[in-house]
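# Close look at the chain arrangement
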Amino acid sequence: MFADPVLLRARAEELGLPLVLDIHRESLPGDPLPAGHLAIRPVDLRQPAASGRLDPANAPYVLETLEQATACCQQDECSALVTGPVHKGVINDAGIEFSGHTEFLADLTGGHPVMMLACPGLRVALVTTHLPLRAVADAITPARLERVIHILQRDLQQHFAIARPRILVCGLNPHAGEGGHLGREEVEVIEPTLERLRSEGLQLYGPLPADTLFTPRYLSQADAVLAMYHDQGLPVLKHMGFGKAVNITLGLPIIRTSVDHGTACDLAGSGRADPGSLREALELAAQMAG
């Protein structure tokens with residue numbers, strides 16, 4: 001773990017949890033530690049932190065933990081990166097431009113990130129992530145769509161052992177554009193790109209209306225769904241598996257998983273937070289790392 005030891009000890013005491021910190025300033029141990037022990041690379045807070053209270057002064061600390069952990073993965077000292085939720089607003093309030101983990105890690109590693117969330121029975125990847133809705137249509141270009149599909153195909157093969165993934169692709173507009181009457185993106189961008197990739201042997205189905213694609217008839221035949229934007233695909237997945245879902249960043253030279261939820265400041269320090277998604281993220285990262 002990359003964090004402030006003082007912070008972790010204070011939270012453990014606040015929650016009445018046993019905790020022994022093993023401080024490692026150079027490298028983290030490769031072998032499992034006994035229960036109640038946690039290996040940590042120390043990163044100092046800028047200001048003391050209180051449970052549930054956001055402080056822009058500590059935004060650089062949050063980003064430094066990510067930078068150090070990512071560097072550890074790039075140098076093969078760590079096998080995978082597992083992140084908790086981050087509050088984007090408080091980082092921006094500190095005067096730091098930040099749109100999310102996904103984009104930040106891509107800048108650090110030089111990868112092209114593709115966000116995919118997975119829960120039992122469903123995987124949903126996104127063509128666009130943290131964009132205002134009015135900007136989504138312009139962002140869906142043939143080049144972007146092709147790159148995202150190739151990354152999704154490759155990582156499903158590499159990390160999930162799916163030899164020939166079956167990918168269902170959502171349309172952008174209601175009824176997948178209704179043959180061009182409800183928008184031209186399907187006719188001019190999505191369908192021609194899918195047809196070109198099908199000629200390369202990819203198993204792509206769509207563009208399909210999102211309101212019918214997310215039904216058992218279609219999902220039972222799919223290895224993954226590709227949604228055009230954040231709130232097209234993720235509400236369905238979170239309804240199916242909230243607390244058991246994992247956020248996976250494909251397209252990076254490192255393995256990165258995360259929880260499926262936000263910061264929930266009202267639960268911080270209460271002992272009522274559900275760690276289920278974090279457990280799932282840790283287990284999936286270990287599986288992906290082999």
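Quick look at the structure, then. (Residues numbered from 1 in each chain as written. Predicted model: local features only at pLDDT ≥ 70, side-chain atom pairs only at ≥ 80, totals over all residues. Heavy atoms only, no water.)

## Focus on the pairing of strand S6 (residues 122-126)
This is how it is decided: Each residue gets one of three labels from its accessible area relative to the maximum for its type: buried under 20%, exposed over 50%, partly exposed in between, using a 1.4 Å probe on protein chains only. Per the convention used, a helix needs a DSSP run of H or I reaching at least four residues, while a strand needs a run of E reaching at least two, with both numbered from the N terminus. Criterion used throughout: strands pair if DSSP finds at least two bridges between them.
Here S6 lies mainly inside the structure; four of its five residues are buried. Sheet analysis places strand S5 (residues 114-119) next to S6, joined by four bridges and oriented antiparallel. Of the residues in S6, the one forming a bridge with Ala118 is Arg123. In textbook terms, the turn of a hairpin is the stretch between consecutive antiparallel strands, and for S5 and S6 this stretch comprises two residues, one of which, Gly121, has a positive phi near 95°.

## Quick word on helix H10 (residues 230-241)
Spelled out, the test is: By this rule the span expected of a helix is its residue count minus one, scaled by 1.5 Å. By arc we mean the arc of the directions from the helix axis to the C-beta atoms, nothing more. Contact between two residues is taken to exist if any of their heavy atoms lie within 4.5 Å; hydrogens are not considered.
Over its twelve residues, H10 runs 16 Å from end to end, which matches the ideal 16 Å to within 8%, given 1.5 Å per residue. Among the residues making up H10, those that are buried are Gln232, Gly233, Leu234, Leu237 and Gly241. Across the axial projection of H10, the buried residues extend over an arc of 160°, all falling on one side. Counted as exposed and oriented over 90 degrees from the buried face of H10: Asp231 and His239. Its buried side turned inward, H10 meets S5, S6, strand S7 (166-170), helix H8 (210-213) and strand S9 (224-227). Phi turns positive one or two residues past the end of H10, at Gly243, with a value near 90°.

## Quick notes on the sheet that holds S6
Under the convention used in this document: To obtain each axis, a line is fitted to C-alpha atoms, and for helices this fit is confined to the stretch in contact; angles are then taken between N-to-C directions over 0 to 180 degrees.
Overall, mixed pairing links the eight strands, which are arranged S4-S11-S10-S5-S6-S9-S7-S8 in an open sheet. Both edges of this open sheet fall to strand S4 (81-83) and strand S8 (203-208), since each of them pairs with a single strand only. Sheet twist, expressed as the mean angle between neighbouring strand axes with direction ignored, is 25°. Judged from the three bridges that link them, S6 and S9 form a sheet pairing that is parallel. In the strand pairing of S9, Val124 is matched with Val225. H10 rests against S5, S6, S7 and S9 of the sheet, and its axis sits at about 160° to S6.

## Some words on unusual backbone geometry
Omega for the bond connecting Gly206 with Pro207 falls within 30 degrees of zero, at 5°, which places this linkage in the cis form. Positive phi, normally seen in glycine, also occurs at Asp76, with a value near 65°. Among the residues examined, Asp76 registers a relative accessible area of 69% and is labelled exposed. Despite not being glycine, Ala161 has its phi angle at roughly 55°, a positive value. Here Ala161 is to be found in the loop between helix H6 (142-160) and S7. Residue classification places Ala161 among the exposed positions, given a relative accessible area of 71%.

## Notes on the state of the cysteines
By definition, a disulfide links two cysteine residues through a covalent bond between their sulfur atoms. Worth spelling out the cut-off: Only a pair of cysteine sulfur atoms within 2.5 Å counts as a disulfide in this structure description.
Here the structure, examined in full by the defined rule, presents one disulfide. Linked covalently through their sulfurs, Cys72 and Cys78 form a disulfide whose S-S length is 2.3 Å. Taking the sign of the S-S torsion, 75° for the link of Cys72 and Cys78, the bridge is right-handed. Free cysteine: Cys73, not disulfide-bonded; nearest cysteine sulfur from Cys78 at 5.0 Å. For Cys73, a relative accessible area of 7% translates into the label buried. There is no disulfide at Cys170, and the cysteine sulfur nearest it, in Cys119, is 15 Å away.

Just geometry here; none of it tells us what the structure is for.
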